[in-house]
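Structural description and commentary
So you can see what is in the structure, the chains are spelled out below.
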Amino acid sequence: MSEQPLPTLPMWRVDHIEPSPEMLALRANGPIHRVRFPSGHEGWWVTGYDEAKAVLSDAAFRPAGMPPAAFTPDSVILGSPGWLVSHEGGEHTRLRTIVAPAFSNGRVKLLAQQVEAIAAQLFDKLAAQPQPADLRRHLSFLLPAMVISALMGVLYEDHAFFAGLSDEVMTHQHESGPRSASRLAWEELRAYIRGKMRDKRQDPRDNLLTDLLAAVDQGKATEEEAIGLAAGILVAGHESTVAQIEFGLLAMFRHPQQRERLVGDPSLVDKAVEEILRMYPPGAGWDGIMRYPRTDVTIAGVHVPAESKVLVGLPATSFDPRHFDDPEIFDIGRDENPHLAFSYGPHNCVGLALARLELKAVFGSIFQRFPALRLAVAPEELKLRKEIITGGFEEFPVLW
Ligand code: HEM
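Residues numbered from 1 in each chain as written. Predicted model: local features only at pLDDT ≥ 70, side-chain atom pairs only at ≥ 80, totals over all residues. Heavy atoms only, no water.

Regarding the overall build of the protein chain
How we decide: Each helix is a run of DSSP H or I of at least 4 residues and each strand a run of E of at least 2, with the numbering of both proceeding from the N terminus. For this measure, only C-alpha atoms enter the radius of gyration; the expected value for a globule follows 2.2 Å times N^0.38, where N is the number of residues. Whether a residue is buried, partly exposed or exposed follows from its accessible area with a 1.4 Å probe, protein chains only, as a fraction of its type maximum: under 20%, in between, or over 50%, in that order. The contact rule is simple, with two residues in contact once any of their heavy atoms fall within 4.5 Å.
Across its full length, the protein chain carries 16 helices and 10 strands. Radius of gyration (C-alpha) of the protein chain: 21 Å, near the 21 Å computed for a compact globule of 400 residues. With the principal axes as the frame, the protein chain shows a C-alpha extent of 65 × 55 × 40 Å. The buried share of the protein chain, taken over its 400 residues, is 54%. For the protein chain, contacts bridging at least 24 residues in sequence account for 72% of all contacts bridging at least 6.

Dropping the structure here:
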């Protein structure tokens, strides 16, 4: 009897936005599945909510940035000192503790007015464009980059430069060899940060680069680690947020009644953002974050040998009915929403409060500012950026 072929990733969303029916069917069939990854390797895909949380908080698993030697690293930034997902245990805690205060709820709250002002300024610029206009070019790509400049304490005018580099790092991450475009961009980004950190010695003020310099001076990190921490934050904090703005808008276009509900009651914005994150998180169909068990482990009764690939299917966990009532319904008033879009455990998203603030700034007022905002093309005509894990689109043409 011939064996069934393995389910294969990616499982693309329907029209870029609705969850893949194949993914939903597999998820409903059990919490862990043997699958084939886009790289051709076989491994496991964890789609159960509890099982995902257990893997993400279990020290038996190495983080995404520490693949076993058998797997070719798929990103130039893996192994770079200071890149948080390439460190584990005490080393990871030491480095994360240096940047975590800059992302605390209290520090992020202080940025709220600035983030609102950046959003308002970009809305004005978008409104001044001839229609249709590319919302990516005028809003989604810029807003996270401008917010990160404020956080880092670098000039606003630099945002286009470093956002371009961060984009290049992510876009070409499958290339290998020392002269790949991605590696060059990563090196250029690090050189840029090295220069900015030197400038901060003369003009410190209160920002993340100054915190990083202090950590170097106090012997908590090497200069190379501090540079890697800053560069990693730039890359991790940019593309994910760009894509989430775009997927969130698609979600709202797709569900006009929920959009009207939000316009009618702007106090729903916090819950709306959580629901967007739950049901339409950024993603290009690779469907999760990787972990590597260092020893043999058992997940939901399935034996998984050491050094295998275990993909934790964060988007799939959002449809686990053990944790979400009517999970396939997009409901911006959902009360209980413990989604895992920001992951869980020691590597959960350090920038989650900032990401929420940025998304609130967009979804809290964009439909008031542009009541007739809509896509200028059919959703299926948008070109998904398939080569980067967070997805997002080449262009996002809109009318209003
Ligand atoms: C909607 C936007 C965002 C989403 C959905 C998101 C999602 C995630 C996820 C799923 C991880 C876990 C990766 C893993 O466990 O392998 C992560 C980690 C991380 N994120 Fe975010 N993120 C977002 C925005 C941001 C922002 C705005 C920043 C900073 C400015 C940021 C910085 C980071 C960093 C530095 C890590 C690595 C943490 C560690 O390994 O300790 N992210 N993010």
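Considerations on the coordination of the iron atom of the ligand
Think of it this way: four donors in a tetrahedron around the metal ideally sit 109.5 degrees apart, and six in an octahedron ideally sit 90 or 180 degrees apart. Under the convention used in this document: Donor atoms are limited to N, O and S found within 2.8 Å of the metal ion, a distance that becomes 3.2 Å for Na, K and Ca. With water left out, some sites might look partial.
Looking at the protein side alone, the iron atom of the ligand has one donor only, Cys349 (SG), at 2.3 Å. In this fold, Cys349 is placed in the loop between helix H14 (314–317) and helix H15 (352–363).

Regarding unusual backbone geometry
Excluding glycine, residues mostly carry a negative phi; peptide bonds, for their part, are mostly trans. For the bond from Leu9 to Pro10, the omega torsion is 5°, close enough to zero to count as cis. In the segment running from Gln131 into Pro132, the intervening peptide bond is cis, with an omega of -5°. Counting through the fold element by element, Pro132 comes out in the loop between helix H5 (112–127) and strand S4 (133–134). Phi is positive for His16, close to 70°, though the residue is something other than glycine. Note on placement: His16 falls in the segment before helix H1 (21–28).

Focus: the pairing of strand S1 (residues 32–36)
Note the cut-off: The criterion for strand pairing is that DSSP finds at least two bridges linking the strands in question.
Relative to strand S2 (residues 42–46), S1 runs antiparallel, the two being bridged by five bridges. Within the sheet, the bridge partner assigned to Arg36 lies in S2 and is Glu42. Linking S1 to S2, which pair antiparallel, is a turn of five residues; within it Gly40 sits at a positive phi near 100°.

Some thoughts on the sheet that holds strand S5 (residues 289–293)
Taken together, five strands build an open sheet; the order of strands is S1-S2-S8-S5-S3 and the sheet is mixed. Two strands in the sheet have a free side with no partner beyond their single neighbour: S1 and strand S3 (61–62).

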